[in-house]
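Fold and geometry: a report
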Amino acid sequence: MNETRLIACPECDLLQSRPPRSRRGATKCGRCGATLSQRASATRDLTLALSLAATVLFVVANCFPIVGVWVNGALVETTLVNAALSLYADGMWPIAGLVFVTTFLMPALNMAAMIYLLLPLYFGRSPPGPQLVLRLLRHFAPWGMIEVFMLALLVAIVKLQHVATVMPGIGLWALGAVMVLLAIVAVIFDPLDLWAHIDRARPEAWPEGRPEARPEVHLDVAWIATASERFRTAARAGLYRCNGCGLLARPLLQSQAGSCPRCNSSLHPRKHNSLTRTWAFILAATVLYIPSLLLPIMVTGTLFNAQSDTILSGVVYLWSSGSWLLAAIVFMASIVVPMLKVLSLTYLACSTQLRSPSVPTRRTRLYRLIELIGRWSMLDIYVITILVAVVQFDSVATIDAGPGAIAFGGVVVLTMFATLSFDPRLIWDAVETEVE
Ligand SMILES: [Zn+2]
Ligand SMILES: [Zn+2]
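Note that the structure is predicted; figures quoted are calculated from it, not measured.

**What to know about the pairing of strand β14 (residues 397-401)**
Here β14 shows a clear split, with Ala-397, Ile-399 and Ala-401 buried on one side and none of Thr-398 and Asp-400 buried on the other. Alignment of strand β11 (residues 298-302) against β14, held across five bridges, turns out to be antiparallel. What sits directly across from Val-299, in β14, is Asp-400.

**Here's the deal with the side chain of Asn-110**
Looking at the secondary structure, you find Asn-110 in helix α3 (residues 93-122). Residue classification places Asn-110 among the buried positions, given a relative accessible area of 17%. Among residues more than four places away in sequence, those in contact with Asn-110 are Leu-137, Phe-140 and Ala-141.

**So, the coordination of the zinc ion (ligand 1)**
Coordination of the zinc ion (ligand 1) by the protein comes from Cys-9 (SG), Cys-12 (SG), Cys-29 (SG) and Cys-32 (SG), over a distance range of 2.2 to 2.3 Å. One can describe the donor arrangement at the zinc ion (ligand 1) as tetrahedral, given that its four donor atoms subtend angles of 102 to 115 degrees at the metal. If you list the donors of the zinc ion (ligand 1) from N- to C-terminus, the spacing comes out as C-x2-C-x16-C-x2-C. Here Cys-9 is found in the loop between β1 (6-8) and β2 (15-17), whereas its partner Cys-32 is found in the loop between β3 (27-28) and β4 (35-37), with 23 residues between them in sequence.

**Examining the pattern of salt bridges**
Within the structure shown, the criterion is met by seven salt bridges. Salt-bridge contacts for Arg-375 lead to Glu-147; the nearest nitrogen and oxygen are separated by 2.7 Å. Remark: Glu-147 occurs in helix α5 (residues 146-161) and Arg-375 occurs in the loop between α13 (360-373) and α14 (379-390); sequence separation between them is 228 residues. For Arg-425, the salt bridge identified is with Asp-423, shortest N-O distance 2.9 Å. Take Arg-425 and Asp-423: they sit in the same class, and that class is buried. Through salt bridges with shared partners, a single ionic network connects Asp-13, Arg-270 and Asp-429.

**So, the coordination of the zinc ion (ligand 2)**
Taken together, the protein donors to the zinc ion (ligand 2) comprise Cys-242 (SG), Cys-245 (SG), Cys-260 (SG) and Cys-263 (SG), at separations of 2.2 to 2.3 Å. Relative to the metal, the four donor atoms surrounding the zinc ion (ligand 2) lie at angles of 99 to 114 degrees, and the coordination shape comes out tetrahedral. Between consecutive donors of the zinc ion (ligand 2), the numbers of intervening residues give the motif C-x2-C-x14-C-x2-C. Both residues of the pair, Cys-260 and Cys-263, count as buried.

**Structural notes on the sheet that holds strand β5 (residues 67-71)**
Spatially, β6-β5-β7 is the arrangement adopted by the three strands of the open sheet, whose pairing is antiparallel. Each edge of the open sheet is held by one strand with a lone partner, namely β6 (74-78) and β7 (165-168). Across the sheet, the mean angle separating the axes of adjacent strands is 20 degrees when strand polarity is ignored. Examined bridge by bridge, β5 and β7 share four bridges and lie antiparallel to one another. The partner of Trp-70 across the bridge, within β7, is Thr-165. Strand contacts of α14: β5 and β6, with the helix running at about 140 degrees to β6, the strand carrying the most contacts.

**Here we look at the environment of Asp-190**
Locating Asp-190 in the fold gives a position in the loop between α6 (170-188) and α7 (191-201). For the pair Asp-190 and Leu-36, spaced 154 residues apart in sequence, the C-alpha separation works out to 9.4 Å.

**With respect to helix α12 (residues 324-353)**
Its 30 residues give α12 an end-to-end C-alpha distance of 41 Å, which sits within 8% of 44 Å, the value for a rise of 1.5 Å per residue. Remark: the principal bend of α12, roughly 35 degrees, maps to Val-336, with a proline, Pro-338, within the next four residues. The first or second residue beyond α12 is Arg-355, which carries a positive phi of 55 degrees.

**Observations regarding α6**
Here α6 is 19 residues long and its end C-alpha atoms lie 28 Å apart, about the 27 Å a rise of 1.5 Å per residue gives. Looking only at α6, the buried set comprises Gly-171, Leu-172, Ala-174, Leu-175, Gly-176, Val-178, Leu-181, Leu-182, Val-185 and Ile-188. Check the buried side of α6 and you find it contacts α1 (44-63), α2 (80-89), α3, α5 and β7.

**What to know about the UniProt feature "transmembrane region" (unreviewed entry) in the protein chain**
Under the present numbering, the feature "transmembrane region" (unreviewed entry) in UniProt falls on residues 46-71, 91-119, 140-158, 170-192, 279-304, 324-348, 369-393 and 405-422. Here residues 91-119 runs as 93% helix and 0% strand, with 41 Å between its end C-alpha atoms. Taken end to end, residues 279-304 has its terminal C-alpha atoms 47 Å apart, with 62% of it in helix and 19% in strand.

**What to know about unusual backbone geometry**
Among all residues except glycine, the phi angle is most often negative; among peptide bonds, the trans geometry is most common. Residues other than glycine seldom take positive phi values, yet Asn-273 does so here, at roughly 50 degrees. Structurally, Asn-273 can be placed in the loop between β10 (248-251) and α10 (274-294). Its identity is not glycine, yet Val-359 carries a phi of approximately 35 degrees, on the positive side. Mapped onto the elements of the fold, Val-359 is located in the loop between α12 and α13. You can call Val-359 partly exposed: its relative accessible area is 36%.

**Side note on the packing of α10 against helix α15 (residues 403-421)**
Where α10 meets α15, the axes come as close as 8 Å, and the angle between the chain directions of the two elements is 160 degrees. Considering the angle they form, α10 stands roughly antiparallel to α15. Relative to α15, α10 is oriented so that their crossing is left-handed. Here Ser-274, Arg-277, Thr-278, Phe-281, Ile-282, Ala-284, Ala-285, Leu-288, Tyr-289, Pro-291 and Ser-292 of α10 come into contact with α15, specifically with Gly-404, Ala-407, Phe-408, Gly-410, Val-411, Leu-414, Thr-415, Phe-417, Ala-418 and Ser-421. Across the contact of α10 with α15, the residue classes tally to 13 nonpolar, seven polar and one charged.

**So, the layout of surface pockets**
For the second largest pocket, the calculated volume is near 500 Å³. For the second largest pocket, the lining is made up of 21 residues, of which Lys-159, Val-163, Thr-300, Tyr-317 and Ile-399 are closest to its centre. Considered class by class, the residues forming the lining of the second largest pocket number 13 nonpolar, six polar and two charged. Both domains that meet at the lining of the second largest pocket, namely domain 2 (38-206) and domain 3 (271-436), each give it at least three residues.

Rules used in this analysis
Residues numbered from 1 in each chain as written. Chains lettered and ligands numbered in written order. Predicted model: local features only at pLDDT ≥ 70, side-chain atom pairs only at ≥ 80, totals over all residues. Heavy atoms only, no water. Buried < 20%, exposed > 50% of the residue type's maximum accessible area, 1.4 Å probe, protein only. Helix = DSSP H or I, 4+ residues; strand = E, 2+ residues; numbered from the N terminus. Pairing = 2+ DSSP bridges. Contact = heavy atoms within 4.5 Å. Donors = N, O, S within 2.8 Å, 3.2 Å for Na, K, Ca; no water. Tetrahedral: all angles 85-135°; square planar, octahedral: opposite > 155°, others 65-115°. Salt bridge = Lys/Arg side-chain N within 4 Å of Asp/Glu carboxyl O. Axes fitted to C-alpha atoms, helices over the stretch in contact; angles between N-to-C directions. Expected span 1.5 Å × (residues − 1). Bend = angle between axes of the 7 residues up to and from the residue. UniProt positions renumbered as here; feature names shortened; annotations may be inferred. Parallel < 35°, antiparallel > 145°, perpendicular 65-115°, else oblique. Left-handed = near helix turned anticlockwise from the far one by under 90°. Nonpolar A, V, L, I, M, F, W, Y, C, P; charged D, E, K, R; others polar. 1 Å grid on protein atoms, 1.4 Å probe; cavity = no way out; pocket = protein on both sides within 12 Å on 5 of 7 lines; lining within 4 Å. Points joined across faces, edges and corners; volume = space filled by probe spheres on them. Domains from an automatic or database assignment.

So this is what it looks like as structure tokens:
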């Protein structure tokens, strides 16, 4: 049985002992401040209860309209999925797909995975194949963006109020509740605790004691446990931290690390080709950023004329109609955040490429900030989605998405991929060389 008491920080690679399971509250890395683990196992039942409640409310949110608009005695309503479908009907399938994945598919998969893992544990049984589900869960989390969609609903409602009577639907309130519940689940759910539980429940899954089962990866628990006395970082100790589950393993051959004995992710000392991939995504995002600002993201057609809106003219419209706060929010989310993100990522990639040892803590914090705020750029995409869905009065006015929206959606997705590809431990590798 492997109850490794040693963990490596996912953001700076520092070796440190795993906090005892009885300990409450978040544990932070002693060097870079990254969150190492959330809370103790006592919250597992609470996580399950909140996930179940969120699922029920998510079903309600999808069965009832989120928003409706009265114009000339006719009510046009839309549900979450219908909003994506109306974009698809307009031929804007890349945006429709993006909206469907980030507001429906990923949150749904996230909740399903939580319940799949936690419900059997509640009844004292182990879920089958938890390794794969836990690994997938890590990939779902960054792409669920219900909170951004809620803010977009608010912006859309303010915009629509100038032209029609807007009715928030039952779906909107339910979705708001789902947002709150999922935010709490994200804070209290501790994958490390679940991995430890899986280890205890299924000792036979371990190759330890049967080294012939995995000859390429050596799990010398006693050796690993004392590694922190001799080495500062996992890389120094020749240990690989699995990107999928956080397990520390010691490959016998550094050139052939193989895969993690616990979750089967392939083992790499750092994220695979981290800098190359980050650069590629930054470049692609920069190229798309220009058309996303210049091309119309929205085309409003009335009986008499058609008007194209770019991101900037949308902000100006909000500002001149008196919604200063929302104008500022949309300006921040759609123009400032993507630009800052591209610039910050370029700075991080450049300084890391040049192996600069300066201000590693601040650079790691910058990375964390980009990870946190990047998703909010989706705001404008969601606002357009909602407007396209409800402003379809053939006799009076229609709103369609413009080509700028596809470019802008591309920028958001590419910068998110760039952030996910970057490995902050590379920042600290330069510091380690300096210490030598
Ligand atoms: Zn750290
Ligand atoms: Zn693993």
